[in-house]
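Chain by chain, the residues run as shown.
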Amino acid sequence: MADFSKIFENNEKWIASKLAISPTYFEDLSKGQQPEYLYIGCSDSRVTAEDLMGVKPGEVFIHRNIANMVISIDLNVMSVLNYAVNHLKVKQIIVCGHYACGGVKAAMQSGDLGILNPWLRNIRDVYRLHKNELNAIEDESKRYDRLVELNVQEQCVNLIKTAAVQRAYKERGLTVHGWVFDVRTGKLIDLNIDFPAILRGIMEIYRID
Ligand code: CO
């Protein structure tokens, strides 16, 4: 039998710590949310979004999946995106990948992973798009790191291809950011993706709104 007693004990302590800060802490939280950010990250148990960003409940709307993918026919990520942009009116969207990502690693190797094949196929497509740059990197671990970064960049591009993001950019200056979390050091790295430049580059083909 699984023993969750420690977890429920932790929860009681957590409640007490919040109420010590403010007796109306949960009453205030229950009134609603107005997060400024949408964060799309990997499901990896080591990449604890709120913890590593030091943000409080209510501050970030979060979606996580294997290898932080933004796939246009994935109802889950698209629902999160549309709700966050159109209803919560988030101001910024962050795609956060991480080094040592198992999903990216699996996409770099051959092997039949069943239901994961079509999911990881999207990362293989990123590799194909950037094949020349990646194949020129001799050190395999450096090539792996670079694919993590390029995958983040391509998922940012996928976000920019959506009507929701294009419209919100035009109407209220919503922008998309690409970050990488380095599990080896704990550092959060801004890839400084040039959002307006990418937007200009892809609008010729992908303009919706
Ligand atoms: Co991962």
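Residue positions within a chain follow its written sequence, with the count starting from 1. Only residues with pLDDT of 70 or above have their local features reported here, since the model is predicted, and side-chain atom pairs are shown and tallied only from 80 upward, although totals for entire chains, interfaces and linings are computed over all residues. With hydrogens and water stripped out, all remaining heavy atoms of the structure feed into the side-chain values.

Asker: Help me understand the coordination of the cobalt ion, please; the structure alone is not making it clear to me.
Answerer: Ideal values differ by geometry: the angle at a metal is 109.5 degrees with four tetrahedral donors, but 90 or 180 degrees with six octahedral donors. We call an atom a donor if it is N, O or S and sits within 2.8 Å of the metal, or 3.2 Å for Na, K and Ca. Water is not counted, so some sites may look partial. Looking at the cobalt ion, the protein donor atoms are Cys42 (SG), His98 (NE2) and Cys101 (SG), and they sit 2.1 to 2.3 Å from it. We note that the donor set of the cobalt ion lies within a single chain, spaced as C-x55-H-x2-C. Of this pair, cysteine 42 sits in strand E1 (residues 37-42) while cysteine 101 sits in the loop between strand E3 (92-98) and helix H5 (102-108), placing them 59 residues apart in sequence. A 1.4 Å probe rolled over the protein chains alone gives each residue an accessible area, and that area as a share of the maximum for its type sets the label: buried under 20%, exposed over 50%, partly exposed in between. Residue cysteine 42 is classed as buried on the basis of its relative accessible area of 6%. Runs of H or I in DSSP of at least four residues are treated as helices and runs of E of at least two as strands, each being numbered from the N terminus.

Asker: When you look at the pattern of salt bridges in this model, what are you seeing that I'm missing?
Answerer: Between side chains of opposite charge, pairing is possible as soon as their charged atoms come close. Here, a salt bridge means any Lys or Arg side-chain nitrogen found within 4 Å of an Asp or Glu carboxyl oxygen. Tallying each qualifying case throughout the model produces eleven salt bridges. With its nearest N and O atoms 3.5 Å apart, the salt bridge here joins aspartate 28 to lysine 31. A relative accessible area of 35% means that aspartate 28 is categorised as partly exposed. Aspartate 125 is the salt-bridge partner of arginine 121, the closest N and O atoms lying 3.1 Å from each other. Taken together, the positions of arginine 121 and aspartate 125, both in helix H6 (residues 116-129) and four residues apart, correspond to about one turn of that helix.

Asker: I'm lost on the sheet that holds strand E4 (residues 175-181) in this one. Help?
Answerer: The pairing of strands in a sheet comes from backbone hydrogen bonds and takes either a parallel or an antiparallel form. One open sheet holds the five strands; their spatial order is E2-E1-E3-E4-E5, and the pairing between them is mixed. A single partner strand is all that each edge strand has here, and the edge strands are strand E2 (60-65) and strand E5 (188-190). Neighbour-to-neighbour, the strand axes of the sheet open up by a mean angle of 25 degrees, direction not taken into account. Throughout, a residue-residue contact means that at least one pair of heavy atoms, one from each residue, lies within 4.5 Å. Think of each axis as a best-fit line through the C-alpha atoms, taken over the contacting stretch in the case of a helix, with angles from 0 to 180 degrees between the N-to-C directions. Relative to E2, helix H4 (residues 75-87) is tilted by about 170 degrees, and along the sheet it contacts E1, E2 and E3. Packing of helix H8 (residues 140-160) onto the sheet brings it into contact with E1, E3 and E4, and relative to E4 it is tilted by some 160 degrees. Here, strands pair whenever DSSP counts at least two bridges between them.

Asker: It is not clear to me how H6 should be interpreted in this structure. Could you clarify?
Answerer: Residues that lie three or four places apart on an α-helix share one face, since the helix turns once every 3.6 residues. Working rule for helices: expected span equals 1.5 Å times residues minus one. Taking 1.5 Å as the rise per residue, H6 with 14 residues should run 20 Å; its terminal C-alpha atoms sit 20 Å apart, in good agreement. The largest bend along H6 measures about 25 degrees and falls at asparagine 122. Those residues of H6 lying buried are Trp119, Leu120, Ile123, Val126 and Tyr127. A residue's bend is given by the angle between axes fitted to the 7 residues ending at it and the 7 residues starting at it.

Asker: So what exactly am I meant to see when it comes to unusual backbone geometry here?
Answerer: Note on backbone geometry: most residues besides glycine have negative phi, and most peptide bonds are trans. A positive phi angle, close to 65 degrees, is found at alanine 67, a residue other than glycine. Here alanine 67 is to be found in the loop between E2 and H4. Backbone geometry places asparagine 68, a non-glycine residue, at a positive phi of 45 degrees. Mapping asparagine 68 onto the fold places it in the loop between E2 and H4. Its relative accessible area of 2% is what places asparagine 68 among the buried residues.

Asker: Quick question: what am I supposed to make of the packing of aromatic side chains here?
Answerer: Aromatic rings considered in pairs are described by the distance between their centres and by the relative angle of their planes. The criterion for an aromatic pair is that two Phe, Tyr or Trp rings (for Trp, the six-membered ring) have centres within 6.5 Å, with stacked assigned to planes under 30 degrees apart, edge-to-face to planes over 60 apart and tilted to the rest. The full count for this structure, using the stated rule, is four aromatic pairs. With a centroid separation of 5.0 Å and 80 degrees between ring planes, the pair formed by tyrosine 25 and phenylalanine 26 is classed as edge-to-face. Phenylalanine 26 sits in the partly exposed class, given a relative accessible area of 26%. Ring plane angle 70 degrees and centroid distance 5.1 Å describe the contact between tyrosine 169 and phenylalanine 195, whose orientation is recorded as edge-to-face. Of the two residues, tyrosine 169 sits in helix H9 (residues 163-172) while phenylalanine 195 sits in helix H10 (residues 195-206), which places them 26 residues apart along the sequence. Looking at phenylalanine 195, the relative accessible area reads 3%, which means it is buried. Chaining the aromatic ring pairs together yields one cluster made of Trp14, Tyr25 and Phe26.

Asker: Help me understand a nonpolar patch on the surface in this model?
Answerer: A patch is a set of surface residues, each over 30% in relative accessible area and not in a salt bridge, joined within 9 Å for like charges and within 5 Å for the nonpolar side chains Val, Leu, Ile, Met, Phe, Trp and Tyr. Residue burial considers only the protein chains on display, and all accessible areas are found by Shrake-Rupley using a 1.4 Å probe. On the surface, a nonpolar cluster with roughly 350 Å² of combined accessible area is contributed by Phe4, Ile7 and Phe8. Of note, isoleucine 7 is situated in helix H1 (residues 5-21).

Asker: Could you clarify how one ought to interpret the nonpolar core in this entry?
Answerer: Within soluble globular proteins, side chains that are nonpolar tend to cluster in buried spots. Remark: nonpolar core denotes a set of buried residues (Ala, Val, Leu, Ile, Met, Phe, Trp, Tyr, Cys) joined through side-chain atoms within 4.5 Å. Formed by 50 residues in total, the largest nonpolar core has its most connected members in Leu38, Ile93 and Leu159. Ranked by residue count, the leading element in this core is H8, at nine residues. Isoleucine 93 has contacts with Leu38, Ile40, Leu81, Val85, Leu159, Val165, Leu174, Thr175, Val176 and His177, leaving out every residue within four places of it along the chain. In terms of nonpolar packing, the next biggest core, distinct from the first, is built from ten residues, Tyr39, Met53, Cys96 and Phe181 among them.

That is the geometry; function is a separate question.
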